[in-house]
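Single-letter residue listing:
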Amino acid sequence: MRTQTSNVGIRRSGNFCTGVALLLATFFSSALPTTADPNSVIAAAASLNNNIQISDSRQLSQPRRIEIDLSQQRLRAWDGQKLVYSFPVSTGKRATPTPIGRFHIQSKHRTNRMRGRGYDIPDVPYTMYFYEGYAIHGAYWHNRFGTPVSHGCVNLPVKQARKLYNWTKPGTLVIVKR
């Protein structure tokens, strides 16, 4: 009787560990560099337990994305093909440009202190870091949205930043283009 109980416990712990491993693989797949092949993440996750099959790579993809158009100074938030938000923004000045490329929201902070060369701003609202020290966030210290005035971050009016902050989650795709 003792052997049967041990075998059941081992099987259950094996299933539990497999579930945790799949959960971690899914969670950390959004932290991979954008050059990584998403199919390799799916293959790695599926190979952990051959009883689980993932038939389509779109099951792990996220339809939500944020597009920032530097030439128009506009942020657009999409849920699949549906435009959810379109807001004017202030991006980086010529001397301190906003990075161009494909990124993901790495972390979110309700308020955050931002410091750099020539600025020290406490309580920056609705901060969403997408690349190194660059973030999308609310800006209470200016009202020049539609004009590049930042040190590289993407500034939004506070009310609009709150809406976007509540709509996003870590891993949301951010595309910055000229």
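Residues numbered from 1 in each chain as written. Predicted model: local features only at pLDDT ≥ 70, side-chain atom pairs only at ≥ 80, totals over all residues. Heavy atoms only, no water.

Novice: Just checking my understanding: could you explain the overall build of the chain for this structure?
Specialist: Scanning the chain from N- to C-terminus turns up three helices and nine strands. Taken from the N to the C terminus, the helices and strands of the chain come in the order α-α-β-β-β-β-β-β-β-β-α-β. Expressed as a percentage of its 178 residues, the buried residues of the chain come to 34%. Element-wise, carbon and sulfur atoms account for 52% of the exposed surface of the chain, whose accessible area totals about 11,100 Å². (Helix = DSSP H or I, 4+ residues; strand = E, 2+ residues; numbered from the N terminus. Buried < 20%, exposed > 50% of the residue type's maximum accessible area, 1.4 Å probe, protein only. Areas by Shrake-Rupley, 256 points an atom, 1.4 Å probe, with all protein chains shown as cover.)

Novice: Please explain the packing of aromatic side chains as it appears in this structure.
Specialist: Pairs of aromatic rings are described using the distance from one ring centre to the other and the angle between the two planes. Taken as a whole and assessed by the stated rule, the structure comprises seven aromatic pairs. When the ring of Tyr-85 is compared with that of Phe-87, the centres are 5.2 Å apart and the planes differ by 25°; the resulting orientation is stacked. Where Phe-103 meets Tyr-131, the ring centres are 5.0 Å apart and the plane angle is 45°; that geometry is what we call tilted. Highlighted residues: Phe-103 in strand β4 (residues 101-104) and Tyr-131 in strand β6 (residues 119-131), separated in sequence by 28 residues. Three or more aromatic residues joined by ring pairs form one cluster here, namely Phe-103, Phe-130, Tyr-131 and Tyr-134. Positioned over the ring face of Tyr-165 is Lys-108, at 4.4 Å from the centre of the ring. (Phe/Tyr/Trp six-rings, centres within 6.5 Å; stacked < 30°, edge-to-face > 60°. Lys NZ or Arg CZ within 6 Å of the ring centre and 35° of its normal.)

Novice: In this structure, what is going on with the sheet that holds strand β8 (residues 154-156)? I would like to understand it.
Specialist: As a general point, the strands of a sheet are linked pairwise by backbone hydrogen bonds and lie either parallel or antiparallel. If you walk across this open sheet you meet the four strands as β5-β6-β7-β8, and the pairing is mixed. Looking at which strands have only one partner, the edges of the open sheet turn out to be β5 (107-116) and β8. Taking each pair of neighbouring strands and ignoring which way they run, the sheet shows an average axis angle of 40°. On top of the sheet, helix α3 (residues 158-167) reaches β5, β6, β7 (134-138) and β8; it is set at about 35° to β6, its chief contact. (Pairing = 2+ DSSP bridges. Axes fitted to C-alpha atoms, helices over the stretch in contact; angles between N-to-C directions. Contact = heavy atoms within 4.5 Å.)

Novice: Any chance you could explain unusual backbone geometry here in plain terms?
Specialist: Negative phi is the rule for most residues except glycine; trans is the rule for most peptide bonds. Although it is not a glycine, Tyr-126 sits at a positive phi angle of roughly 55°. Structurally, Tyr-126 is set in strand β6. Accessibility expressed as a relative area gives 6% for Tyr-126, which makes it buried. Even without being glycine, Glu-132 reaches a positive phi, approximately 45°. In this fold, Glu-132 is placed in the loop between β6 and β7.

Novice: Would you take a moment to explain the confidence of the model for the chain for this structure?
Specialist: Should pLDDT be low for a region, the predicted coordinates there are not to be read in detail. Counting all residues, the mean pLDDT for the chain is 79, and 65% of those residues have values of 70 or more. Here residues 1-13 scores under 50 on pLDDT; set against residues more than four positions off or in separate chains, the count is zero contacts. This stretch, residues 20-59, has a pLDDT under 50; its non-local contacts, to residues over four places away or in other chains, come to 22 contacts. (pLDDT = per-residue confidence, 0-100.)

Novice: Before we go on, may I ask you to explain the sheet that holds strand β1 (residues 64-69) in this structure?
Specialist: As summarised here, the arrangement of the five strands in space is β3-β2-β1-β9-β4, forming an open sheet in which the pairing is mixed. Of all the strands in the sheet, the pair left with one neighbour each is β3 (82-88) and β4. Within the sheet, the average angular offset between the axes of one strand and its neighbour, ignoring direction, is 20°. Examined bridge by bridge, β4 and strand β9 (residues 173-177) share four bridges and lie antiparallel to one another. Counterpart to His-104 in the pairing with β9 is Leu-173. Helix-sheet contacts for α3 involve β1, β2 (74-79) and β3, and the interaxial angle to β3 is about 145°.

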